[in-house]
Amino acid sequence: MKALVKKYAEPGIWMEDVPMFVGVVEDVGPGVRNFTIGERVTAEGHIVCGHCRNCRRGMGHVCENTISVGIMGKDGCFAEYVTIPESNVVKLRPEIPDDFAAIMDPFGNATHTALAFPLLGEDVLITGAGLIGTMAAGICRYAGAKNIVVTDINPLRLEIAKKMGATITVDGSKGETIADAMFQLGIRGFDVGLEMSGAPAAFNDMIEHMYKGANIAQLGILPYNTQVNWSDVIFNALTIKGITGRRMWETWYQMEQMLLGGLDLSPVITHRFQFEDFQKGFDVMVSGQCGKVLLEW
């Protein structure tokens, strides 16, 4: 059962994101019962089997037979049309603007990571102010975190983090440190860590500054040879949870509710280009001087 979807807005072109879209249903295959032609939709980019052990116990995001749209096994949304199984298509409420709907994929990564542990009243450290890290700052603020510290070496992206709700940003390129931020806040460590950078130095810096018994959600993909001070993990009773993709469909319900509840993602969108100028989008992305880049159709 497939839903043929016609695009009218392209996602940003961050290379770590599955290329996704916001579009309208152009046609439906036999057996499709929950969608009609003309409906405005987006979609989950991981197509899962529904039959493996993880799928059957509600953990489809780690399905052992996953096919990823635009990554492996299926063409992505730079095509004029894309076919998506009905089970992966998500109806969009009219209150959710196209710009936000077009970045639901990375927003889902941020949501899955940020909400991996309770945040209300907690001090949160986010390492990495890329698209997902800056959106995570907004989610933490929305979810009631007490203090949110974001680290990076890119001043532009740290400014975006501030707009998204960071209490303090730490610019490593200027010699600023997490310890300085802790002193300003009057805290002895962080309760929740969200590692978004994939940088070994940032990961170890996070471990060093967590409060005893703290939790870390690990989304950043670290090099295989990353060295970790496991004594700090063990003797400080830290919990590290690996994060991949989005929980289907819990994460999507959380995303929708936050957007309907007023979470504003507009600060993360810094550039728009017509689709004919896609190369300009790639160029600004490679430069690092941007947040999310959208192609307009």
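Residues numbered from 1 in each chain as written. Predicted model: local features only at pLDDT ≥ 70, side-chain atom pairs only at ≥ 80, totals over all residues. Heavy atoms only, no water.

1. With respect to the pattern of salt bridges
So the rule is basically this: Salt bridges are defined as contacts in which a side-chain nitrogen from Lys or Arg sits within 4 Å of a carboxyl oxygen from Asp or Glu. Exposure is judged per residue with a 1.4 Å probe applied to protein chains only, and the accessible area is read against the type maximum: over 50% gives exposed, under 20% gives buried, and values in between give partly exposed.
By the definition in use, this model includes nine salt bridges. We note a salt bridge from E250 to R247, for which the minimum N-O separation is 3.4 Å. By relative accessible area, R247 is classed as partly exposed at 27%. One network of salt bridges, with partners in common, ties together E44, D105 and R246.

2. Things to note about the packing of helix 3 (residues 104–114) against helix 4 (residues 131–142)
Working note: a packed helix pair is described by the angle between its axes plus the distance between those axes. Selection rule: Every axis in this analysis is a line fitted to C-alpha atoms, fitted for helices over the stretch in contact. Angles between the N-to-C directions lie between 0 and 180 degrees. Strands are runs of DSSP state E lasting at least two residues, helices are runs of H or I lasting at least four, and both sets are numbered from the N terminus onward. Any angle from 65 to 115 degrees is called roughly perpendicular, while one under 35 is roughly parallel, one over 145 is roughly antiparallel, and all others are oblique. Note: crossing handedness is left-handed where the near helix turns anticlockwise from the far helix by less than a right angle, and right-handed where it turns clockwise. By definition in these notes, contact holds between two residues if any of their heavy atoms fall within 4.5 Å. As a working rule, the residues Ala, Val, Leu, Ile, Met, Phe, Trp, Tyr, Cys and Pro are called nonpolar, Asp, Glu, Lys and Arg charged, and the rest polar, with Gly in that last group.
One can describe the packing of helix 3 onto helix 4 by two numbers: an axis separation of 8 Å at closest approach and a directional angle of 55 degrees. As the angle between them shows, helix 3 and helix 4 are arranged oblique. Our pair here, helix 3 against helix 4, has a crossing hand that is right-handed. Mapping the contact onto sequence places P106, F107, N109, A110, T111 and A114 in helix 3 and L131, I132, M135, A136, I139 and C140 in helix 4. Of the residues contributing to the contact of helix 3 with helix 4, the split by class is ten nonpolar, two polar and no charged.

3. Observations concerning the packing of aromatic side chains
As a reminder, the rule being used: Stacked, tilted and edge-to-face are the three classes assigned to paired rings of Phe, Tyr and Trp, where Trp is represented by its six-membered ring and a pair needs centres within 6.5 Å; plane angles under 30 degrees give stacked, over 60 edge-to-face, the rest tilted. In this scheme, the term charge over a ring applies when either NZ of a lysine or CZ of an arginine sits within 6 Å of the ring centre and within 35 degrees of the ring normal.
All told, the structure shown has two aromatic pairs when counted by the stated rule. Look at W249 and W252: their rings are 5.8 Å apart centre to centre, the planes differ by 50 degrees, and that puts the pair in the tilted class. Its relative accessible area of 25% is what places W249 among the partly exposed residues. For the ring pair F278 and F282, a centre distance of 6.4 Å and an interplane angle of 90 degrees mean the geometry is edge-to-face. Taken together, the residues span about one helical turn, with F278 and F282 both in helix 10 (residues 278–287) at a distance of four residues. Its relative accessible area of 41% is what places F278 among the partly exposed residues. When its relative accessible area of 26% is taken as the criterion, F282 is described as partly exposed. Over the aromatic face of F35 sits the side chain of K91, whose NZ or CZ is 5.4 Å from the ring centroid.

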